[in-house]
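Residues per chain, in single letters:
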Amino acid sequence: MNTLAKIGVVALAASMVAGCATVTYSSPGMLEDVSVKGVDGKVGQAILIDTSGYYMFWAIPLASGDLRWSDEKKSIEGGTSFFSDQVGIEELQTALLKIAESRNCDLADVSFFDGDASYAGPSYGGAVGTCFGSSHMSVSAILVPRKVVYKKGK
Amino acid sequence: MRMNIKSLAVLPLALLALAFAGCSSYTEIARWNSNVPINDGEVPVATFLTQNFSYQLLGCIPLCTGRPWTEGNEEVVDDFNVKPFADEATLDNNLVSLRHALDVVGSHRIAQFRATEDDSAFWSLLLINRHEVRTQCIILKPEAK
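Within every chain, residues take consecutive numbers counted from 1 along the sequence as written. Throughout, the order in which chains and ligands are written sets their labels, letters from A for the former and numbers from 1 for the latter. Only residues with pLDDT of at least 70 are given local features in this predicted model, and only at 80 or more are side-chain atom pairs given and counted; all residues enter the totals for whole chains, interfaces and linings.

**Q** What is the right way to read the overall build of chain A from this model?
**A** In terms of regular secondary structure, chain A is built from 3 helices and 7 strands. Along chain A, helices and strands appear, N-terminal first, in the series α-β-β-β-β-β-α-β-α-β. Each of the 154 residues in chain A was classed as buried or not, and the buried ones make up 36%. By the criterion used throughout, residues are in contact when their C-beta atoms, derived from the backbone, lie within 7 Å. Contacts in chain A between residues far apart in sequence, at least 24 positions, make up 64% of those at least 6 positions apart. Strands are runs of DSSP state E lasting at least two residues, helices are runs of H or I lasting at least four, and both sets are numbered from the N terminus onward. We call a residue exposed when 12 or fewer other C-beta atoms sit within 10 Å of its C-beta, buried when the count reaches 20 or more, and partly exposed for counts in between; the C-beta positions come from the backbone.

**Q** Can you walk me through the pairing of strand S5 (residues 75-82) of chain A in this structure?
**A** Consecutive side chains of a regular strand alternate in pointing toward one face of the sheet and then the other. Residues and elements named next belong to chain A. A pair of strands is labelled paired if DSSP reports no fewer than 2 bridges between them. In this structure, strand S4 (residues 60-70) lies alongside S5, joined through 8 bridges in antiparallel fashion. Bridge pairing in S5 places Trp69 opposite Ile76. Where S4 hands over to S5, the hairpin turn is made up of 4 residues, of which Lys74 adopts a positive phi near 55°.

**Q** Quick question: what am I supposed to make of the environment of Pro44 of chain B here?
**A** All names here are of chain B. Secondary-structure assignment places Pro44 in the loop between strand S1 (25-31) and strand S2 (46-57). You can call Pro44 buried: it has 25 C-beta atoms within 10 Å. Apart from residues no more than four positions distant in its own chain, Pro44 is found in contact with Trp32, Ile38, Ile138, Ile139 and Leu140.

**Q** Quick question: what am I supposed to make of the environment of Val87 of chain A here?
**A** Residue and element names in this part refer to chain A. Structurally, Val87 can be placed in the loop between S5 and helix H2 (89-102). C-beta crowding within 10 Å serves as the criterion here: with 28 such atoms nearby, Val87 is assigned to the buried category. Counting along the chain gives 20 residues from Val87 to Leu67, while the straight-line C-alpha distance between them is 9.4 Å. The residues touching Val87, leaving out its near neighbours within four places in the chain, are Thr51, Ser52, Gly53, Ser64, Gly65, Ser135 and Met137.

**Q** It is not clear to me how H2 of chain A should be interpreted in this structure. Could you clarify?
**A** One full turn of an α-helix is made of 3.6 residues, so residues set three or four places apart face in the same direction. Residue and element names in this part refer to chain A. Its 14 residues place the ends of H2 20 Å apart at the C-alpha level, agreeing with the 20 Å of an ideal helix rising 1.5 Å per residue. Every buried residue of H2 is accounted for by Glu91, Leu92, Ala95, Leu96 and Ile99. Angular distribution of buried residues about the axis of H2 spans 130°; they occupy a single face of the element. Exposed positions of H2 whose direction lies more than 90 degrees from the buried face are Ile89, Glu90 and Glu101. Looking at the buried side of H2, the elements it contacts are strand S3 (46-56), S4, S5, strand S6 (105-114) and strand S7 (132-145). To estimate how far a helix should reach, multiply one less than its number of residues by 1.5 Å. Note that the arc is defined by the directions from the helix axis to the C-beta atoms.

**Q** Where do I start with helix H2 (residues 91-105) of chain B in this structure?
**A** Under the 1.5 Å per step criterion, the end-to-end length of H2 of chain B is 21 Å for 15 residues, consistent within 8% with the ideal 21 Å. Every buried residue of H2 of chain B is listed here: Leu91, Asn93, Asn94, Leu95, Val96, Ser97, Leu98, Ala101 and Leu102 of chain B. Residues of H2 of chain B that are buried sit in contact with strand S1 (21-25) and S3 of chain A together with S1, S2, strand S6 (109-120) and strand S7 (128-140) of chain B. Two residues or fewer after H2 of chain B comes Gly106 of chain B, characterised by a positive phi angle close to 95°.

**Q** Before we go on, may I ask you to explain the nonpolar core in this structure?
**A** Looking at soluble globular proteins, one finds that nonpolar side chains tend to be buried together. Here a nonpolar core is just a set of buried residues of the types Ala, Val, Leu, Ile, Met, Phe, Trp, Tyr and Cys, joined wherever their C-beta atoms sit within 7 Å. Ala46, Ile49 and Ile142 of chain A together with Ile110 and Ile139 of chain B are the most contacted members of the largest nonpolar core, which has 50 residues in total. Looking at this core element by element, the count peaks at 7 residues for S7 of chain A. Once residues lying within four places of it in the same chain are set aside, the contact partners of Ile110 of chain B are Val34 and Val36 of chain A together with Cys137, Ile138, Ile139 and Leu140 of chain B.

**Q** I would appreciate a short explanation of the confidence of the model for chain B in the present structure.
**A** Residues and elements named next belong to chain B. pLDDT is a per-residue confidence score from the predictor, ranging from 0 to 100. Per-chain confidence: chain B averages 81 in pLDDT, with 76% of residues scoring 70 or above. When mean pLDDT is taken per element in chain B, H2 scores highest with 93 and strand S4 (residues 78-79) scores lowest with 58. In the predicted assembly, ipTM is 0.74 and pTM is 0.78.

**Q** Even after reading the chapter, I still don't get the pairing of S6 of chain B, so can you show me in this structure?
**A** Both strand S2 (residues 35-36) of chain A and S6 of chain B contribute to a ladder of 2 bridges, which runs parallel. Note that in S6 of chain B the partner of Val36 of chain A across the bridge is Ile110 of chain B.

And the structure:
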């Protein structure tokens, strides 16, 4: 195995472990003077939950993002699950709802993204691209503190 | 065709040039310019989209990044604002661009907010990871009181 291939394998392993699931919040106050249609008053933080999965021959799961509830931090944390496929709308939705409930927030502008078709083909990475594929799903939303009263019909 | 050492040395430079060339922040405000309403009959002011890229060697060493859009008017739709050895492709920086866009348009009311992020490294045989964060929304007129 030459050096380039070794580096590639290390990078693949690192990306599997490090980048499979992330939960990102905007900093408090970033949406302070922004109003969102259908919401009276101030909104909270924007949230982006992202999961990826890696597969051999496009079908056998090698590693995938695992959204786990942390009792210590009272929030969802991104982790990695090996040899199972945890990338799905249901997992994202469950994580988003748990975060909203734990922060006593409602949700606005919930939007799912499915990049499931973005398998790495031979044109991307030669033998690596032929053997490995990846999928990617995410959800974004705006957290709205529950003291905010929603307008009827909007 | 035989490859010599000199031609191999060009490869990392080519990768770096590619990274810098494609590494940018892109922001666009598109005025609605029509009376066609969306959803419940409200006519938007504009559509907003921003995307920010950053590149990391082996997924962890920052090579370069696009920066958020913080100056200029809506005519500046494409901003190749590159900063080396940093990673500024974040949700927060996209919101910085959004806030500037709202200031430019003159309304801070939005709908259909959406953010996505993506990582891709297969294009460079996993040597360089491209991190991409996109944010988009529709800007509405301020609510009548």
